[in-house]
Amino acid sequence: MIIKPKFRGFICTTAHPEGCQAQVEEQIRYVLEQNKISGPKNVLIIGASTGYGLASRIVSTFGCGANTIGVSFERPSSGKRTATAGWYNTAAFEKNARQAGVKAYSINGDAFSDEIKQETIALIQAEMGQVDLVIYSLASPKRTHPHTGEQLNSVLKPIGQSYTNKNVDFHTGEIKSLTVEPATEEEIRQTIAVMGGEDWQMWIDALDQADVLAEGVTTLAYSYIGPALTHPIYREGTVGRAKDHLEETAQILQRKLEAKQGRAFVSINKALVTQSSAAIPVVPLYVSLLYRIMKEEGLHEGCIEQIYRLFAEEIFGGSLPHLDAKGRIRIDNLEMREHVQAEVDKRWDTVTDQNLVALSDIEGYRKEFFQLFGFEVAGIDYEQETNADVAIPSIDK
């Protein structure tokens, strides 16, 4: 079929297999051009098919030479419907990992469930014995609690009072004022249950009980703080409460893993173009301004550059990671430089529909969003038919 991007709100409902493969292989090339990392040998990535999770899998394999198991919940193609981008990403990763002679296994299913945890444990026991790195990079708007069966949904809302600020429609470049009403206590509770640290702890407990965590194991989860202008909707809102819980969980896991000489960290990463961030009010405009400034300064990093630096300089750099006062790794240090944020604030106050292109990287934002789904990738002829039915080797035997 000839595959074109189709949208439902902020969701792209199609994905291009060749474009996704090209994007994955570009990240692999970047890592292969860097110095090798003396890092983990057997890695489990929970949430491995897009964004920081996918980048972590690529750096683990092509930077460290590690075997990987990736857990994700993606949809294969069916009839005239394409697979999700994460499905195509995983297929491309496995193909390249196997060509490099490295083990790569993928499990497709609900990572919140006990069944997927047990399936993963059985695969570790059969193929690796133990894992020495566990990355938790799950991004989901909802969760079925494995013990109670409760259907939980997260929301992106401020707490205590409504929040009004600028927002941009990156498809049209139109800037409008947006008001978001505050969350209820029940919405706060459910957001913490979906996006907090409970499931991360459940994973580590299950892996530990099955004795598949190696001596000296490291576990890592990803988070974000961002600037003051996004705090009401993000860090001081419902998602921020969930991130607080995630960071508290890291401290609990650190104490738990000390018996194995293990470590648990939260890495605060840079703002990037993702399907999730595109849906957060204020963030697309902030990221568009930030990208323009960081590119002008030569400071910009994407997912793969961030995770390579995290592995090479912080987690497996031969010395202790640089931690902030709350024990977090701050790989967002370039984004949060004072002069960068001062320039964002200056442009934020003056940006309008008329000067958006001059002050921001809105075109870069839009292009990067499309590339998440395999579109607008150089070298791909989107007028040609392509086969949407792509297999993941370890799933479709």
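Residues numbered from 1 in each chain as written. Predicted model: local features only at pLDDT ≥ 70, side-chain atom pairs only at ≥ 80, totals over all residues. Heavy atoms only, no water.

J.: When you look at the environment of phenylalanine 62 in this model, what are you seeing that I'm missing?
T.: Relative to the elements of secondary structure, phenylalanine 62 occurs in helix α2 (residues 51–64). Judged by relative accessible area, which is 6%, phenylalanine 62 ranks as buried. Along the chain, phenylalanine 62 and tyrosine 30 lie 32 residues apart, while their C-alpha atoms are 9.5 Å from each other. Dropping the residues within four chain positions of it, phenylalanine 62 is found in contact with Ile28, Val31, Leu32, Lys36, Phe93, Asn96, Ala97 and Ala100. (Helix = DSSP H or I, 4+ residues; strand = E, 2+ residues; numbered from the N terminus. Buried < 20%, exposed > 50% of the residue type's maximum accessible area, 1.4 Å probe, protein only. Contact = heavy atoms within 4.5 Å.)

J.: Please explain the sheet that holds strand β11 (residues 213–223) as it appears in this structure.
T.: Paired through backbone hydrogen bonds, the strands of a sheet run either parallel or antiparallel to each other. Across the sheet, 7 strands lie side by side as β5-β4-β3-β6-β11-β12-β13; this open sheet has parallel pairing. Looking along the sheet, the strands with just one partner apiece sit at the ends: β5 (104–108) and β13 (329–330). When strand β12 (residues 263–268) meets β13, the two strands line up parallel, connected through 2 bridges. In the sheet register, isoleucine 268 faces β13, and the bridge partner there is arginine 330. (Pairing = 2+ DSSP bridges.)

J.: Just to check I follow, could you spell out the pattern of salt bridges for this structure?
T.: For side chains of opposite charge, pairing can occur when their charged atoms come near one another. In total, this model carries 24 salt bridges according to the counting rule given. Close ionic contact of arginine 292 with glutamate 296 constitutes a salt bridge, the shortest N to O distance being 3.0 Å. Of this pair, arginine 292 and glutamate 296 both sit in helix α9 (residues 283–297), separated by 4 residues, roughly a single helical turn. The class of arginine 292 is partly exposed, set by a relative accessible area of 25%. Accessibility expressed as a relative area gives 49% for glutamate 296, which makes it partly exposed. Note that aspartate 324 is salt-bridged to arginine 328, the shortest N-O span being 2.9 Å. For the residue pair aspartate 324 and arginine 328, the accessibility class agrees, reading buried in each case. Taken together, the shared-partner salt bridges connect Arg235, Asp244, Glu247, Asp324, Arg328, Arg330 and Asp332 into one network. (Salt bridge = Lys/Arg side-chain N within 4 Å of Asp/Glu carboxyl O.)

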